[in-house]
Structure formats: structure tokens, C-alpha cells
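# Commentary on secondary and tertiary structure
One-letter residues, chain by chain:
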Amino acid sequence: MPKGVLVIAETRDGELRSVTAEAISAGRWLADGKGEECSVLLAGSGIADHAGGLGVYGADTVYLADHEALGVYSGELWLEAAAEAIAAADPSIILIAATSTGKDLAPRIAARLGAGYAASCTGLSLEEGTVEATRPVYAGKIVEKVRLSTAVGVISMRPKSFEVDDSRSTSPAIEQIDTAWATDAKGVSAGPVEAAEGARVDLTEADRIVSGGRGMGGPENWGLLEEIAGLLGAELGASRAAVDAGWRPHSEQVGQTGKVVTPGLYVACGISGAMQHLAGMGRSKVIVAINKDSDAPIFQVADYGVIGNVMEVLPALAEELRKLEA
Ligand SMILES: Cc1cc2nc3c(=O)[nH]c(=O)nc-3n(C[C@H](O)[C@H](O)[C@H](O)COP(=O)(O)OP(=O)(O)OC[C@H]3O[C@@H](n4cnc5c(N)ncnc54)[C@H](O)[C@@H]3O)c2cc1C
């Protein structure tokens, strides 16, 4: 009988990604609620040193799949690593972050196991021992609650949906996964991951984002946003209109067909707030909107709004922020 929670950790270039801490914290919380164990699959290359440290998030067992071929995510190879960990842990819930890696791997695992799959969830609860996941659908217009009726369920969680709890102090048992199959895997190789130019952290993990839309007038005005982003320690985002116009790369697009972000602070500059944009940033904790049209829909979701021309408001904002820095 499957039992317990298995979290699939995310690594890149030998480092843990921050979503891993969130996913294990969520897994620990669920496991505690069910009175069961929380185990973690730690796959990658040169990642063994991180295994013991996962005890701060409450991992009971870490299944370690350390192999050069797992250093860059490949669906085929990571699926094999996951299958090995699942065979060993026999979990009833498999939890993974809904990053680009997780969105690729989670359905592969679900298909392999014939398991139910709740994708891109933003909340978890336990109802009489049964896991209930919350997930926004129809571009965030509706929030549905999903219960998985299969013996094993796969759940992917949107980044920044679950608070990190690093107050635990378990000493996880470390189980090595035999990765001989990774050496033999012919015809499967994944190239290096190239970071988007100028980006410091992945937008989905950013705590502050300054975004521009068509109202910025053109790419030549992005220096204003870069200055604010620099002063706030924020990443740059964009609306689809700005991306489609060729002003910004698609990696910066926020929204239904771009990235779904949940920063602590989202500053929308010259962005109307179309439904498809809100689908990507509507769950930001604090939203600041700068728009010259007081009827722009972005003001309906904004915590703070400035009705004005970005060409005047942004330099004034930069000046005030510089004063705070001095
Ligand atoms: C299937 C589908 C998927 C989509 N996916 C996405 C997505 O992922 N992300 C996304 O963003 N959009 C998406 N869209 C497009 C979306 O519907 C909007 O067209 C887009 O978000 C508009 O971008 P915008 O707000 O920058 O431009 P506009 O709607 O043109 O708004 C510009 C805003 O700037 C203001 N403005 C103009 N000049 C100034 C100034 N000088 N100072 C201050 N304010 C000014 C205007 O008042 C206006 O509110 C999608 C659409 C479809 C159909």
C-alpha cells in the first residue's frame, strides 16, 4: 500500500534550486498531517554534499542519484531516477515544483505510474487524511479544489506557493540509487542550460519584479525600468505586447503564455492589466501600478497605484529610491 510523500528536488549545475526548499517544506507538512514519512529524490551531478542538509526541511530519507548524465535535466533520464526512488519509497504522494523542469517531469511520472496528476497547484490541505490541492484555472478566473482518487497522486506546486520551513533537524537516511542505467543511456543527452542575458535569478523565483508594457513607448525607454530594478534589487518582466513588439525577450514575458510569477513586489509600468497578464502576476503579494489611464484594469488588482505618465513617474521614483539608499 503506497504511503508517505516523495519530493523530487530540483538541482542545476550541482546546486539546489530554491523551489526545492519550498517543495520539501510542503512535503514535510503533508507527511506530518498524515503521520507518514517524507522522502526526497536528489538527482543531479555533484550534488551528494547537499543530501544531509535536507534535514533542515524535515527529510526523513534522501534517495541520491548522483551521475554526470543527470547534471542537466533530461526528461528520459530523470524519469528513470524518479522511478527508482518511487520503487524504493512507495509513496502515495509525489510532490514537485511546477517549474519548467517540474512541468515536464511530473506528467511523465504520472503517466508511467497511471497516477492522478494535479498540475500547478497553489495550495494544499488535508481533508480527513485526503490531500486536497488548490489550482487556478481559466487564466486564474476560477480556483478549483482537486482530490486525487488514485492510490498514488502527483502534485506540482507553483514556486512561492508554500512557505519554507527550515526549522527541522532530521538526520536523513541517505540511500544511493544505482545509476548504471544513466551511463548506458545511449542517444539521450541534454545540452547546457543557458541563462537569459542579464537575468540574475529565474523570474519565477524572483522576489521583486519591475515590468514594462506597451505604455513604455519603446525599448529605448527600458533604461528607466532597469534603473528602478537596480535600486530595488528586482528582475525585469514584460507584457506580451512589449515582447511581441520585439522590445524584450520572451524569457521576460509574464502571463498566461509567459511566466507565472509570485513575487513579494510587482511593479507594472505602462501595462493595462489584461486578463492574460493578470493570470501571470495576479498572485503577487504587493502590486504597484503606474498607468496614465485611471480606468486601466491593472488598478483593480493593484495595492498601490500612480495615475501618471511613466516618463515622469519613473525618474521621480528613481530619485526617491536613491535618497533612501544614500
Ligand atoms: C491567448 C492569449 C494569450 C496571451 N498571453 C499573454 C501573456 O502571457 N502576457 C501578457 O502580458 N499578455 C498576454 N496576452 C495579451 C493581452 O491580452 C494584452 O494584449 C497584453 O497584455 C497587453 O499588453 P500591455 O498592457 O503592455 O499593452 P496595452 O494593453 O496596449 O496597454 C498599455 C497600457 O499602457 C498605458 N500607457 C500608455 N502610455 C503610457 C504612459 N506614457 N505612461 C503610463 N501609462 C501609459 C495605457 O493606458 C495602457 O493601459 C495574451 C492574449 C491572448 C489572446
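See the structure shown above.
Attention in this report is confined to the structure presented alongside it. (Residues numbered from 1 in each chain as written. Predicted model: local features only at pLDDT ≥ 70, side-chain atom pairs only at ≥ 80, totals over all residues. Heavy atoms only, no water.)

## Some points on helix 5 (residues 222-232)
Put simply, the test is: Here the term buried applies to any residue with accessible area under 20% of the maximum for its type, exposed to any over 50%, and partly exposed to those in between, with areas from a 1.4 Å probe on protein chains only. Strands here are runs of E lasting at least two residues and helices are runs of H or I lasting at least four, both read from the DSSP assignment and numbered beginning at the N terminus.
Three or more residues of helix 5 are buried, namely Trp222, Leu225, Ile228, Ala229, Leu231 and Leu232. Looking at the residues trailing helix 5, positive phi occurs at Gly233, about 65°.

## With respect to the pattern of salt bridges
Formally: A carboxyl oxygen of Asp or Glu within 4 Å of a side-chain nitrogen of Lys or Arg is what we treat as a salt bridge.
The final tally for this structure, using the stated rule, is 15 salt bridges. A salt bridge links Glu10 to Arg17; the nearest nitrogen and oxygen atoms lie 2.8 Å apart. As far as burial versus exposure is concerned, Glu10 and Arg17 are alike and both buried. The residue Asp165 makes a salt bridge to Arg168 at a minimum N-O spacing of 3.2 Å. Judged by its relative accessible area of 25%, Asp165 falls in the partly exposed class. The partly exposed category is assigned to Arg168, whose relative accessible area is 27%. Bridged by salt links that share partners, the residues Arg28, Asp32, Asp60, Asp165 and Arg168 form one connected network.

## Quick notes on the sheet that holds strand 5 (residues 61-66)
Note the threshold: When DSSP finds two or more bridges between a pair of strands, those strands are recorded as paired. Fitting a line to C-alpha atoms yields each axis, with helices limited to the stretch in contact; the angle taken between N-to-C directions then spans 0 to 180 degrees.
An order of 7-11-6-1-4-5-12 is seen for the 7 strands of this open sheet, with the pairing classed as parallel. This sheet does not close on itself; its edge strands, each paired only once, are strand 7 (116-121) and strand 12 (173-176). Averaged over all pairs of adjacent strands, the angle between their axes in this sheet comes to 20°, without regard to strand direction. Pairing analysis gives 5 bridges linking strand 6 (residues 93-97) to strand 11 (residues 153-157), with the strands arranged parallel. Within the sheet, the bridge partner assigned to Ile94 lies in strand 11 and is Val154.

## Quick word on the site of the ligand
Operational definition: Any residue with a heavy atom lying within 4 Å of a molecule or strand is counted as near it. Here a polar contact means two N or O atoms within 3.5 Å. Within protein one must be a hydrogen donor candidate and the other an acceptor candidate, and residues neighboring in sequence count only if both atoms are side-chain atoms. Asp, Glu, Lys and Arg are counted as charged, while Ala, Val, Leu, Ile, Met, Phe, Trp, Tyr, Cys and Pro are counted as nonpolar; the rest, among them Gly, fall into the polar class.
By nearness alone, 24 residues border the ligand, and Arg214, Ser239, Thr257, Ser272 and Gln276 come closest of all. Between the ligand and Arg240 there is a distance of 2.9 Å, counted from an oxygen atom to a backbone nitrogen or oxygen. Between the ligand and the protein, one listed contact pairs an oxygen atom with a backbone N or O atom of Gly258 at 3.3 Å. Elements with a contribution of two residues or more to the shell around the ligand: helix 6 (240-244) and helix 7 (275-281). A per-class count over the shell around the ligand returns 5 nonpolar, 15 polar and 4 charged.

## Some thoughts on the side chain of Asn291
Rule in force here: Note on contacts: a residue pair is in contact if any heavy atoms of the two residues lie within 4.5 Å.
Take Asn291: it is sitting in strand 16 (residues 286-291). According to the relative accessible area criterion, Asn291 is buried, its value standing at 9%. A polar side-chain atom of Asn291 sits 3.1 Å from the main-chain carbonyl oxygen of Ile271. Discounting residues that sit within four places of it in the chain, Asn291 has contacts with Gly270, Ile271, Ser272, Ala296, Ile298, Phe299, Val306, Ile307 and Gly308.

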